[in-house]
Amino acid sequence: PPDKFGIVEPQVYRSAFPTPESFEHLQLLGLRTVMNLSQELPMQSVMSRFADTGIVLKNIGLLVWTHQRISPISHELIKAAMELLLDRSHHPILVVSSSGTHQVGTVVGCLRRLQQWNLASILDEYRSFSAPSPRLLCEQLIELWDPDLVQVPEGTQPPCWYEAQLQ
């Protein structure tokens, strides 16, 4: 598997950028979408492999990151990521960034807030993937992020795990 690989929810995975060596593992997941939160692109060979296997690469980190002085983890990034995560048509989905640590960890932490996990459990999960260097700013963003800002996108079907949570 790629570095920092983990299962977030059924058909939702997280990791650092995949490498050609990790493709055999990723092929077993039957991915439909890879969501890139980074301002960088994965290696060309990886992007070519995605295209060859019908995996859609969504570079949302490049879409919302506009300037060096703007934080690469923003409310806009989180909102865009949540819209993809809450739309079942994109699943199975792999959430990636170059290191798989802070951007992915913050988005997963905000998803956990949306799922009404307690903050201690959310931060424990974040720190387990970001060790040995968790970032206080990421933890604060997770804590202060408002889950009410996100709705299931109109005309889409939410994932089964999210529907079950709403009941």
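Scope of this entry: the structure provided in the associated data block. (Residues numbered from 1 in each chain as written. Predicted model: local features only at pLDDT ≥ 70, side-chain atom pairs only at ≥ 80, totals over all residues. Heavy atoms only, no water.)

**Some remarks on the sheet that holds strand β1 (residues 6-9)**
Which entries qualify depends on this criterion: A pair of strands counts as paired when DSSP detects no fewer than two bridges linking them. We count a stretch as a helix when DSSP gives it H or I for four or more residues in a row; a strand needs E for two or more, and each element gets its number in order from the N terminus. Axis definition: a line fitted to C-alpha atoms, over the contacting stretch in the case of helices. Angles run 0 to 180 degrees between N-to-C directions.
Ordered by their spatial adjacency, five strands build an open sheet running β1-β2-β5-β3-β4, and the pairing between neighbours is mixed. Both outer strands of the open sheet, β1 and β4 (56-58), are each paired with one neighbouring strand and no more. On average, each strand axis in the sheet is inclined to that of its neighbour by 25°, with strand direction left out of account.

**Things to note about the nonpolar core**
One recurring pattern in soluble globular proteins: nonpolar side chains tend to sit buried together. Quick note on the threshold: Think of a nonpolar core as a cluster: buried Ala, Val, Leu, Ile, Met, Phe, Trp, Tyr and Cys residues, connected wherever their side-chain atoms sit within 4.5 Å. Type-normalised accessible area, obtained with a 1.4 Å probe on protein chains alone, sets the label of each residue: buried when under 20%, exposed when over 50%, and partly exposed for intermediate values.
Formed by 30 residues in total, the largest nonpolar core has its most connected members in Met35, Leu37, Met82, Leu85 and Leu114. Elements that contribute at least two residues to this core include exactly α4 (75-85), β5 (93-97), α5 (102-114), α6 (119-130), α7 (136-144) and α8 (160-166). Judged by nonpolar contacts, the second largest core, of twelve residues, contains Tyr13, Phe23, Leu26 and Val34.

**Re the packing of α6 against α7**
Put simply, the rule reads: Each helix crossing is assigned a hand: it is left-handed if the near helix lies turned anticlockwise from the far helix by less than a right angle, otherwise right-handed if that turn is clockwise. Two residues form a contact once any of their heavy atoms are found within 4.5 Å. Each residue is assigned to one of three groups, with Ala, Val, Leu, Ile, Met, Phe, Trp, Tyr, Cys and Pro labelled nonpolar, Asp, Glu, Lys and Arg labelled charged, and all others, Gly among them, labelled polar.
Contact geometry of α6 with α7 gives a least axis separation of 11 Å together with a crossing angle of 150°. Helix-helix and strand crossings are classified by hand; for α6 and α7 the assignment is right-handed. Across from Leu119, Ile122, Leu123, Tyr126 and Arg127 in α6, the residues of α7 making contact are Cys138, Glu139, Ile142 and Glu143. Grouping the constituent residues of the contact of α6 with α7 by class yields six nonpolar, no polar and three charged.

**Re the pairing of strand β3 (residues 33-36)**
Alternating residues of β3 divide into Thr33 and Met35 and Val34 and Asn36, and every residue in both groups is buried. Two strands pair when backbone bridges link them, and β3 and β4 are joined in this way by three bridges, in the parallel orientation. Note that in β4 the partner of Thr33 across the bridge is Val56. Of the pairings in the sheet, the one linking β3 to β5 comprises four bridges and is parallel in character. Counterpart to Met35 in the pairing with β5 is Val95.

**Some details on the side chain of His90**
Looking at the element boundaries, His90 is found in the loop between α4 and β5. Classification of His90 by relative accessible area gives buried; the value is 15%. With residues up to four places along the chain from it excluded, the contact list for His90 reads Arg32, Thr33, Lys58 and Leu84.

**Examining α5**
What counts, and what does not: Expected span of a helix, by definition, is 1.5 Å for each gap between consecutive residues, and there is one gap fewer than residues.
For α5, with 13 residues, the first-to-last C-alpha span of 18 Å sits near the 18 Å given by 1.5 Å per residue. Summarising burial for α5: twelve of the 13 residues are buried, a large majority. The first or second residue beyond α5 is Gln116, which carries a positive phi of 65°.

**Observations regarding the environment of Ile7**
With respect to the helices and strands, the residue Ile7 is situated in strand β1. For the pair Ile7 and Pro20, spaced 13 residues apart in sequence, the C-alpha to C-alpha distance is 20 Å. Not counting the four nearest positions on each side in its chain, Ile7 is found in contact with Val12 and Tyr13.

**Description of the environment of Leu123**
Looking at where Leu123 falls in the secondary structure, it is placed in helix α6. Along the primary structure Leu123 and Met82 are separated by 41 residues, whereas in three dimensions their C-alpha atoms are 18 Å apart.

**Details of unusual backbone geometry**
Pro92 follows His91 through a cis peptide bond whose omega is -5°. Structurally, Pro92 is set in the loop between α4 and β5. A cis geometry characterises the amide bond from Ala131 onward to Pro132, with omega recorded as 10°. Locating Pro132 in the fold gives a position in the loop between α6 and α7. Positive phi values are uncommon outside glycine, yet Gln11 reaches one of about 70°. On the secondary structure map, Gln11 appears in the loop between β1 and β2 (12-16). For Gln11, a relative accessible area of 40% translates into the label partly exposed. Phi at Gln116 takes a positive value of approximately 65°, unusual for a residue other than glycine. Within the secondary structure layout, Gln116 lies in the loop between α5 and α6. Residue Gln116 is classed as exposed on the basis of its relative accessible area of 69%.

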